[in-house]
Amino acid sequence: MTFKQIVWKMAKVQYKKYLIYFLCNSFAVMFFFMFSTVYFNERIIEAKKLDGIQDALAVPAVALVVFTVFFISYAHNVFMKRRKSEFGLFMTLGMSHRDISKLLLLENGVIGLCSIVTGIIGGAIFSRLFFLLLMKSVGLEEIPFHFNGSMFLYSIATFALVFLAAVGKSLFFTLKKDVIQSLRSNRTAETIKLKSPLFGGFGLVMMFGSILMLYFSFSKSNGGELLLWTIGVLIGLYISLNQSVSFLIELAKKNKPFYYRRLLLLTSLDYKFKQLTSILMLVTVMIMVTIIYTTLLLTIYQSSEKDAIEGNPYDIAIVQAKTKNNLSSEEISSIINKQDNPIKQHLKMPIFYSIQTLPGVEGYFTNVVISVDDFNKLTSQQKQLQEREYINYINEAPEYVGNSNDDHQELAFNIGSKERTYQQKGMIAVKSINNLSYLHEFIIVNQAEFELLKKNADGFAAEIQLFNVANWKNTADVVEILDKKVKHYSKTAPQIADRAGIPSQQEFFQMASKIDSYQYHKNSSGILFYVISFLSVIFFFGTFILLYLNLFSELDLEQAKYQKLYKIGITAREVKRFISNELATLFFIPLVLGTTLAYLYVAILATDVGGIMKNPEILLHFVIIASGYLCIQAGYFFYARRKMCTNII
C-alpha cells in the first residue's frame, strides 16, 4: 500500500473533519463577498442621499476583516490539532518532512480553492437576496444590484492572505516537531501556565472600575478617555475570563459542602475557561459591540422623522446672495406651491455677511448680521435694541449651547477707516432656522444699524427664504427641482468675494429641507442598521461554530474521561446534568457579560441626549436586540447539549 493510498483511506474514514473545515472557509468567503456587494456598490457611493455612507461602512468592514482573520485562523488550528498524531504515524511509516509539507500544501490548497469557488457562488446567489431586502427596507429600490471587480478581488485577496498565513504558521510548527511529539500530541494535556485567584479578582475590579471611571469622565472627555477606559475594560475582561473560575473556586472552598458537591464541574470549567479564553473573549466582545451598535443605529433610524423636524423648523429653506444671477421669489414660490400641497407660510429674512480683517495677520473673519425686527418675526419675540447694541443669537437648541457670561462684551465693525463698536446685551439660543452652512451664529442689531452696516461695512447682502407647506413629506419632487436650479445658479453666478476664508457663491447659495434631512438619516442609518444586523448574525454564527468545533474536536477525549468516571460510580443521569451545567456556563457567561457591558455603554453614551431614562426608546431597542441574542444563544445551547449528550452517553 502506497503513502497516497494510506492518506486517502484515512481521509475517507475521517471525512467529517475535512468537510467542517471546508465549510468554515467557504462560509468566510461567502459572508465577506455578501458584504462587499454593499460596500463596493458604486450607485450607493454616488447616491446624493447617502453621502459619507462608505466611511460609515468602514467600521463594520474592519470588524468583519478582524473576525475573518480570527475565524479562519482558529478553524485551521482546530483542524490541524487533530492531524498532528496522523503526521507522527506517517513519519513512523517512512514519510519525510518534505512529504508532510507536500501533503499539507496539497490538501489545504484543494480546500482553499474549493472554498473560494463555492463561497463566491454562494455569495453571488445570496447577496442579491440580501441586497434587495436591504434596499427595500430603507426605501432605496432605485439603486440597482450589480457585480464589479472590486467585490471579487477584495473577497478573494482577503481570504487568501489570511488562509496562507494560517497554513504557513501550521506548516512551520508541525515540521519543528519530531515523531514522538507528534504521536503524543493527543495524549498531552495543554499546560496552564498561570492559575491565580487573586489575579482573577483583580481582572473583575479592573473591568468594572474602568466602566465606572468612563461614566464619571465621559461628559467631560474629548474622545481619548473613551478609548483609554475601553482598553481597560477589555484587558480586565480577558483576565476575568481566564482566571475567574480560579477566583470562584477559591471562594467556594470556604463552603466545603458546596465545593465538594461541585468539584468536578468547577475544575473542568477552570480548565475550559483557560483553554477557550480567546473564543469566549471574542464572543463576549462581539455581543457587546453589536448590541451597542444595533441599539444606537435602530434608535437613530426610528428617530429620523423627529430629528428632521427638530433640525429644520421650516419645511424648505433657501439662502442666496443678492447677485444679478438669482432665483426670484416668484420663481421659487411657483415651484413649491402645488395645488395638492400649497404654501402655508413664506418668510423672507434679509441678512448681511460682514467681512472683517484679522488684526496683525493676513486673513478674514465674518459675522452674519440680522435686524431685531426680522428676528422678532422669526421667533415671535419682542426684543428691542438701542444704537450700538447687539444680541448674540445662536441658531441651536438651548440644551446644546453652553452657558455664556459675555454680557457687555464689545464687538467692532470696520466702516471705512473707522471702527464702530457695539455693546453686547445678552445671548439667545433657539432653533429657528434650518441647518444651513455659515448660518449657525448671528449678530442682532436694530433696523437702523442693520441698514448702516449693509451700506457702509465690507461684505455682501443675502436673503433667507423660509417656507412651510401643507405636508412636508410630499415635497421630495419639489426639493429635487429646486436643488438642480440652485446648483445651476450657483455655478453661473459671479464670485461673491475672492478672499481666503470667505465662502464662494457655490458654498453660500444653498438650501435645506425637512425631506432631505429625513431621507438622509433614514437611509444612511437604515443601511448601517441592517448591515450591522447582518454582521451580527455572521459573528454569532461564526463564534458558535468555533466554540462548537473546539468542544467537539476533543469528543473522543471527553468520552474516555467519562468512561473512567463510570468506573468509579457516576451515573448517566449525573453525566447529563454535568454536561448541561458545563455547556450552559460556556454558552451563557459570554452572553451575560456582553449584554451587561453593552447596557452600561449604552447608558453612558445616552448621557449626551439626557440619559437613558429620558429616552425610553433606547432602552426598548436594547431589550429587543438583547432578547433576540438570548433566543439565538439558547437555540445553540440546546442543540449543542443534545449533540454532546448523544455522543457521550
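None of the values given here were measured: they were computed from a predicted structure.

Peer 1: Describe empty space enclosed by the protein, listing the residues and the values that go with them.
Peer 2: Applying the stated criterion across every chain yields a total of four cavities of 30 Å³ or more. Taken as a whole, the largest cavity spans an internal volume of roughly 80 Å³. Forming the boundary of the largest cavity are Phe-27, Ala-28, Phe-31, Leu-64, Phe-67, Thr-68, Phe-71, Ile-538, Gly-542 and Ile-545. Looking at the lining of the largest cavity, the elements with two or more residues in it are α2 (15-39), α4 (53-81) and α20 (514-553). Counting residues per element, the lining of the largest cavity draws most heavily on α4, which supplies four residues. Considering only residue class, the lining of the largest cavity consists of eight nonpolar, two polar and no charged.

Peer 1: Pulling in residues and values, what's your account of the nonpolar core?
Peer 2: Ranked by internal contacts, the top residues of the largest apolar core, which has 119 residues, are Phe-71, Ile-291, Leu-535, Leu-551, Ile-579, Phe-587 and Met-644. Looking at which element gives the most residues to this core, the answer is α20, with 18 residues. Leu-551 has contacts with Lys-272, Leu-276, Leu-583, Leu-586, Phe-587 and Met-644, leaving out every residue within four places of it along the chain. Counting 28 residues, the second largest nonpolar core, distinct from the first, contains Ala-317, Val-372, Phe-375 and Ala-462.

Peer 1: Could you give an account of the packing of aromatic side chains, with specific residues and numbers?
Peer 2: Summed over the entire model, instances satisfying the criterion amount to 17 aromatic pairs. Measuring from ring centre to ring centre gives 5.0 Å for Phe-33 and Phe-152, while their planes differ by 50°; the resulting arrangement is tilted. Within this pair, whereas Phe-33 is found in helix α2, its partner Phe-152 is found in helix α7 (residues 149-176), the two being separated by 119 residues in sequence. Overall, Phe-33 belongs to the buried group, its relative accessible area being 0%. Judged by its relative accessible area of 29%, Phe-152 is partly exposed. Aromatic side chains Phe-588 and Phe-637 sit 5.4 Å apart centroid to centroid with 65° between the ring planes, which places their arrangement in the edge-to-face category.

Peer 1: Before we move on, could you go through the pairing of strand β8 (residues 459-469) and cite the residues and values that matter?
Peer 2: With nine of its eleven residues buried, β8 lies for the most part within the structure. Bridge analysis of strand β2 (residues 343-357) against β8 gives eleven bridges, and the strand direction is antiparallel. Residue pairing for β8: Ile-351 is matched across the bridge by Ala-462.

Peer 1: Any details on the packing of helix α12 (residues 263-275) against helix α22 (residues 572-605)? Residues and values, ideally.
Peer 2: Two numbers describe a pair of packed helices, the interaxial angle and the distance between the axes. Running from N to C, α12 and α22 point in directions that differ by 40°, and their axes come no closer than 10 Å. Accordingly, the angle class assigned to the pair α12 and α22 is oblique. Crossing handedness for the pair α12 and α22: right-handed. Contact residues: Leu-264, Leu-265, Ser-268, Leu-269, Lys-272 and Phe-273 in α12; Phe-578, Asn-581, Glu-582, Thr-585, Leu-586 and Ile-589 in α22. Grouping the amino acids of the contact of α12 with α22 by side-chain chemistry returns seven nonpolar, three polar and two charged.

Peer 1: Residue-level account of unusual backbone geometry, with values.
Peer 2: A positive phi angle, near 60°, is found at Ser-380, a position not held by glycine. Relative to the helices and strands, Ser-380 resides in the loop between α16 (372-379) and β4 (389-394). Looking at Ser-380, the relative accessible area reads 65%, which means it is exposed.

Peer 1: Lay out the pairing of strand β9 (residues 510-513) with the relevant residues and their values.
Peer 2: A two-sided burial pattern is seen for β9, the buried positions comprising Gln-510 and Ala-512 on one face and Met-511 and Ser-513 on the other. Sheet topology note: the strand β1 (residues 316-321)/β9 ladder contains four bridges and is antiparallel. Among the inter-strand pairings, Ile-318 is bridged to a residue of β9, identified as Met-511.

Peer 1: For the sheet that holds strand β7 (residues 441-445), give the residues involved together with the corresponding values.
Peer 2: Strand order across the open sheet formed by nine strands is β5-β6-β4-β7-β3-β2-β8-β1-β9, with mixed pairing between neighbours. With one partner strand each, in any of the chains shown, β5 (410-415) and β9 form the two edges of the open sheet. This sheet shows a mean twist of 30° between the axes of neighbouring strands, independent of strand direction. As paired elements, β2 and strand β3 (residues 364-371) share six bridges and run antiparallel to each other. Bridge pairing in β3 links Ser-354 to Asn-367. Its contacts with the sheet put helix α15 (residues 329-336) on β1, β2 and β8, and the angle it makes with β8 is roughly 25°.

Peer 1: Summarise the packing of helix α13 (residues 277-302) against helix α23 (residues 616-648); cite the residues concerned and give the values.
Peer 2: Running from amino to carboxyl end, α13 crosses α23 at an angle of 135°, the nearest separation of the two axes being 9 Å. As far as their axial angle goes, α23 and α13 are oblique. The two elements α13 and α23 cross, and the hand of that crossing is right-handed. Along the contact surface, α13 presents Ile-287, Thr-290, Ile-291, Thr-294, Thr-295, Leu-298, Thr-299 and Gln-302, while α23 presents Glu-617, Ile-618, His-621, Phe-622, Ile-625, Ala-626 and Tyr-629. Class assignment for the residues of the contact of α13 with α23 results in eight nonpolar, six polar and one charged.

Peer 1: Outline the pattern of salt bridges, listing residues and values.
Peer 2: Summed over all chains, the structure comprises seven salt bridges. A salt bridge links Lys-514 to Asp-315; the shortest N-O distance between them is 2.8 Å. Within this pair, whereas Lys-514 is found in helix α20, its partner Asp-315 is found in the loop between α14 (304-311) and β1, the two being separated by 199 residues in sequence. Taking the relative accessible area as the measure of exposure, Asp-315 reaches 4% and is therefore buried.

Peer 1: How would you summarise the confidence of the model for the protein if you had to cite specific residues and measurements?
Peer 2: Overall, the predicted model of the protein reaches an average pLDDT of 79, with 82% of residues at or above 70. The element-level mean pLDDT for the protein is lowest in helix α8 (residues 179-183), coming to 45, with β7 highest at 93. Low pLDDT (under 50) marks residues 179-185, which in the prediction has 15 contacts with non-local residues, meaning those over four places away or in another chain.

Peer 1: Describe α16, and please don't skip the residues or the numbers.
Peer 2: Summarising burial for α16: six of the eight residues are buried, a large majority. If you check which residues of α16 are buried, you get Val-372, Asp-374, Phe-375, Asn-376, Leu-378 and Thr-379. On its buried face, α16 sits against β2, β3, β4, β6 (418-429), β7 and β8. Downstream of α16 by one or two residues, Ser-380 has phi in the positive range, about 60°.

Peer 1: Account for the environment of Leu-171, naming residues and giving values.
Peer 2: With respect to the helices and strands, the residue Leu-171 is situated in helix α7. Taking the C-alpha atoms as reference points, Leu-171 and Leu-104, separated by 67 residues in sequence, lie 7.3 Å from one another.

Peer 1: I'd like a rundown of a nonpolar patch on the surface, residues and numbers included.
Peer 2: A cluster of nonpolar side chains, namely Val-117, Ile-121, Ile-125, Phe-126, Leu-129 and Leu-133, defines an oily patch on the protein surface of about 600 Å² accessible area. Leu-133 gets classed as exposed once you look at its relative accessible area, which sits at 53%.

Peer 1: Describe in detail helix α17 (residues 447-456), supporting the description with residues and values.
Peer 2: Along α17, the residues classified as buried are Glu-449, Phe-450 and Leu-453. The buried residues of α17 all sit within an arc of 105° when viewed along its axis, so they share a single face. Away from its buried face, by an angle of more than 90 degrees, α17 presents the exposed residues Ala-448 and Lys-455. Turning to α17, the residues buried within the fold contact β2, β3, β5, β6 and β7. A side-chain oxygen of the first residue of α17 lies 3.3 Å from the backbone nitrogen of Ala-448; this N-cap is Asn-446.

Reading the values: the criteria
Residues numbered from 1 in each chain as written. Predicted model: local features only at pLDDT ≥ 70, side-chain atom pairs only at ≥ 80, totals over all residues. Heavy atoms only, no water. 1 Å grid on protein atoms, 1.4 Å probe; cavity = no way out; pocket = protein on both sides within 12 Å on 5 of 7 lines; lining within 4 Å. Points joined across faces, edges and corners; volume = space filled by probe spheres on them. Helix = DSSP H or I, 4+ residues; strand = E, 2+ residues; numbered from the N terminus. Nonpolar A, V, L, I, M, F, W, Y, C, P; charged D, E, K, R; others polar. Core = buried A, V, L, I, M, F, W, Y, C linked by side-chain atoms within 4.5 Å. Buried < 20%, exposed > 50% of the residue type's maximum accessible area, 1.4 Å probe, protein only. Contact = heavy atoms within 4.5 Å. Phe/Tyr/Trp six-rings, centres within 6.5 Å; stacked < 30°, edge-to-face > 60°. Pairing = 2+ DSSP bridges. Axes fitted to C-alpha atoms, helices over the stretch in contact; angles between N-to-C directions. Parallel < 35°, antiparallel > 145°, perpendicular 65-115°, else oblique. Left-handed = near helix turned anticlockwise from the far one by under 90°. Salt bridge = Lys/Arg side-chain N within 4 Å of Asp/Glu carboxyl O. pLDDT = per-residue confidence, 0-100. Patch = residues over 30% accessible without salt bridge, like charges linked within 9 Å, V, L, I, M, F, W, Y side chains within 5 Å. Areas by Shrake-Rupley, 256 points an atom, 1.4 Å probe, with all protein chains shown as cover. Arc of directions from axis to C-beta. Polar contact = N/O pair within 3.5 Å; in protein donor to acceptor, adjacent residues only side chain to side chain.

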